[in-house]
Amino acid sequence: MSKKIYLYGNWKMNNTYSETEKFFVDFAPAYAPFKDADDLEVGIFAPFTSLWPLSQGAKKCGIVFGAQNVYYEPKGAFTGEISIPMLKEYDVTHIILGHSERRHIFLESDEVIAKKTKAVLDAGIIPVLCYGETLEERESGNTFTVMERQLRSAIDGLTDAEKAKIIYAYEPVWAIGTGKTATPDQAEEVCAWSRKLIGQPKAVILYGGSVKGSNAKELLSMADIDGALVGGASLKPASFLEIYTAYKA
Ligand code: PGA
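Residues numbered from 1 in each chain as written. Predicted model: local features only at pLDDT ≥ 70, side-chain atom pairs only at ≥ 80, totals over all residues. Heavy atoms only, no water.

Working definition: two side chains of opposite charge can pair if their charged atoms are close together. Overall, the coordinates contain 15 salt bridges when judged by the stated rule. Ionic pairing is found between arginine 149 and aspartate 110, a salt bridge with its closest N-O pair at 2.7 Å. Taken together, the residues span a long stretch of sequence, with arginine 149 in helix α7 (residues 143-155) and aspartate 110 in helix α5 (residues 110-122) at a distance of 39 residues. For aspartate 110, a relative accessible area of 17% corresponds to the buried category. The partner of arginine 152 in a salt bridge is glutamate 148, with the nearest N and O atoms 2.9 Å apart. Of this pair, arginine 152 and glutamate 148 both sit in helix α7, four residues apart, roughly one helical turn. (Salt bridge = Lys/Arg side-chain N within 4 Å of Asp/Glu carboxyl O. Helix = DSSP H or I, 4+ residues; strand = E, 2+ residues; numbered from the N terminus. Buried < 20%, exposed > 50% of the residue type's maximum accessible area, 1.4 Å probe, protein only.)

Next comes the structure, spelled out in C-alpha cells:
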C-alpha cells in the first residue's frame, strides 16, 4: 500500500454556519469516491460558530474534524475564550494549535501553546501543532533555531506516546496564503529534521503553505511529508480533493 496521506483543510475565518451547510452539499458527493480509500485521511477545521454543521457533515462523510484554537483552562473568567469541554460536546477529534496567525497576529507565546498542547492531549483530542519560520528568520539563517524553540517548548516534558499522538504541521510563514510554496526539497529538509528532533519515527508531519493541485504531487511524494494542511484550496471541495487526486495521478 502506498503511504497514507493526511489532507487537512484549515478554513481560517471563512465559512459561516449556512456556508458550511452548503459546503457539505457539494463535498459529500465529491468525496464519495474516496470514502473507502485506505491511504487517505481527510479533516476539516472550521470556525467555532460553524462547528455544529461541520460536525454533522463530517460525521456523515466519515472525515475527522475540529477547531482552529482552544483555551487550556476548563472554565472560568476568560472572556471571549472557548474551552476544551465546550468543544468536546461537538465531538471534535482534532484541534489546530499554534498556527502562525495565532502566533503572529494574536501574539500567542510558546508557553501558551505548550499549555494548550498538554491540555488537548489530556482530553484525548489530537493536537495539530503548527510551527514554522518567518521570511526574516529564514533569510537570517535562523530557521532551525526558531523551529527548535517552537517544537521543544511544546513537546519537551511529554511522554513518547503523547509525542507520537500529535500531528505536526510545518508551515513556513512566508509560504502561507502568499502563493509562494516551499520547494519540495526545502519542505522535506525541515520535515526530516523535525522527525529526528521529535524522536518519533512514525510521527505524522504535514507541510502547509499554498498547497494546491498543481504542486501536490511533488510535495506529497517527499519521504518525510505525510500530508498537507491546506488553507485557501480547502474552501472548495473540488480544489481541496484535487490535492489528493493530483498526488495519485
Ligand atoms: P494556505 O494556508 O494554504 O492558504 O497557504 C495554509 C495554512 O495556513 O494552514
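Having seen it, we continue.
Where burial is concerned, most of strand β1 (residues 5-10) is hidden: six out of the six residues are buried. Going residue by residue along β1, you find Ile5, Leu7 and Gly9 tucked away on one face and Tyr6, Tyr8 and Asn10 tucked away on the opposite face as well. Bridge count between β1 and strand β2 (residues 40-45): six bridges; the pairing is parallel. Looking across to β2, one finds that isoleucine 5 is bridged to leucine 40. (Pairing = 2+ DSSP bridges.)

Attention now moves to the site of the ligand. With respect to spatial proximity, 13 residues lie near the ligand, and among them Lys12, His99, Glu171, Gly177 and Ser210 are the closest. Within the side chain of glutamate 171, an N or O atom sits 2.7 Å from an oxygen atom of the ligand. Coverage of the ligand by the protein amounts to 95% of the 280 Å² it exposes when considered alone. The cavity where the ligand resides is the second largest pocket. Along the lines of polarity and charge, the residues of the shell around the ligand split into four nonpolar, seven polar and two charged. (Near = heavy atom within 4 Å. Polar contact = N/O pair within 3.5 Å; in protein donor to acceptor, adjacent residues only side chain to side chain. Areas by Shrake-Rupley, 256 points an atom, 1.4 Å probe, with all protein chains shown as cover. 1 Å grid on protein atoms, 1.4 Å probe; cavity = no way out; pocket = protein on both sides within 12 Å on 5 of 7 lines; lining within 4 Å. Sits in = over half its atoms within 2 Å of the grid points. Nonpolar A, V, L, I, M, F, W, Y, C, P; charged D, E, K, R; others polar.)

The next subject is the environment of threonine 20. In this fold, threonine 20 is placed in helix α1 (residues 17-31). Here the alpha-carbon distance between threonine 20 and lysine 212, two residues 192 residues apart in the chain, equals 21 Å.

Honestly, that's just the spatial picture; any functional story needs more than this.
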